[in-house]
Each structure stands twice: as C-alpha cells, then as structure tokens.
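# Residue-level structural notes
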Amino acid sequence: CQLFAKDKIAVGSGATGTNEGDGFGFVIDKELQRGSSSPCKTYGNPCLVSDSEGGKFMVANIEVWALTPFLFEADAQRSERSIKYREHTMIQTPSNS
C-alpha cells in the first residue's frame, strides 16, 4: 500500500496494534527531510528505527525508482519517445474546428 499526499509519502499500512503510530512502514514528510517508521501489517515489519529515536529519523538520501510495464530499458525509452512524438505532433497540428 502506498500513499502520496500533499504532506507526506507513506509506504505500508495498517497498524498492528494500538498506540503504534499510524501503522505505516515508513513515512517521509513533504520537505523530504524527516520521516518516521511504525510496525505495519503490509510487510509484517517492526519499527525500522531504534526505540530511542521514537520511530523518527532524518532523511540523508532518497533513491526514486519508476515502475514500468517494460522488461527492458530500451523498450521503455522507445515508448517514451513515441509519447513525446505524439504530444509534439498534437501541439504542432492546428485543430480542425
């Protein structure tokens, strides 16, 4: 489960018990600087941060991946070029109204 909202990005959901935070495996704030972790049902994980930190952490680095239906990078690139070509062609072509 994933949540992309104006104030956070969260992965994993479903609190495993009461008083265990929001139940997200991890949450990153809108500034991408701070986060928190809680036990969650999605992954069956405990809090991913030491107890002394109260489940909160500072973000040092973020790696972002894009999911694609293509098996090979070349196929994804070809699809992207096709989309850009169609968008460009639509912009260039005057409408017939």
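Coordinates for the structure precede this section.
Now for a quick tour of the structure. (Residues numbered from 1 in each chain as written. Predicted model: local features only at pLDDT ≥ 70, side-chain atom pairs only at ≥ 80, totals over all residues. Heavy atoms only, no water.)

### Observations regarding the sheet that holds strand β2 (residues 8-11)
Condition: Strands qualify as paired when DSSP identifies two bridges or more between them. Strands here are runs of E lasting at least two residues and helices are runs of H or I lasting at least four, both read from the DSSP assignment and numbered beginning at the N terminus. Angles shown run from 0 to 180 degrees and are taken between the N-to-C directions of axes, each axis being a line fitted to C-alpha atoms and, for helices, limited to the stretch in contact.
Taken in spatial order, the five strands make up an open sheet running β1-β2-β3-β4-β5, and their pairing is antiparallel. The open sheet has two edge strands with one neighbour each: β1 (2-4) and β5 (56-58). Ignoring strand direction, the axes of neighbouring strands in this sheet form an average angle of 15°. Bridge analysis of β1 against β2 gives three bridges, and the strand direction is antiparallel.

### Side note on the environment of Ile28
For clarity, the threshold we go by: Burial classification: accessible surface area is computed with a 1.4 Å probe over protein chains only, and a residue below 20% of its type maximum counts as buried, one above 50% as exposed, and the rest as partly exposed. Residue contacts are counted whenever heavy atoms from the two residues lie within 4.5 Å of one another.
Its location among the elements puts Ile28 in strand β3 (residues 26-29). Take Ile28: its relative accessible area is 12%, and that puts it in the buried class. Residue contacts for Ile28: discarding those within four places in its chain leaves Asp7, Lys8, Ile9, Arg34, Gly35, Val59 and Ile62.

### Quick look at a nonpolar patch on the surface
We count it as follows: Patch membership requires more than 30% relative accessible area and the absence of a salt bridge. Residues of like charge join within 9 Å; the nonpolar side chains Val, Leu, Ile, Met, Phe, Trp and Tyr join within 5 Å. Only the protein chains shown count as cover for residues, and all accessible areas are computed by the Shrake-Rupley method using a 1.4 Å probe. A pairing counts as a salt bridge when a side-chain nitrogen of Lys or Arg comes within 4 Å of a carboxyl oxygen of Asp or Glu.
Residues Leu32, Ile62 and Val64 make up a contiguous nonpolar surface patch of about 290 Å² in total accessible area. In this fold, Ile62 is placed in the loop between β5 and α1 (73-92). Here Ile62 falls in the partly exposed class, since its relative accessible area comes to 42%.

### Overview of the pairing of β3
Every regular strand shows the same layout, with side chains that alternate between the two sheet faces. Relative to β3, β2 runs antiparallel, the two being bridged by four bridges. Directly across from Ala10, in β3, lies its bridge partner Val27. Note: β3 against strand β4 (residues 34-36), two bridges, orientation antiparallel. Paired with Ile28 across the two strands is Gly35, which belongs to β4. As consecutive antiparallel partners, β3 and β4 are separated by four residues, and within that stretch Leu32 has a phi angle of approximately 60°, a positive value.

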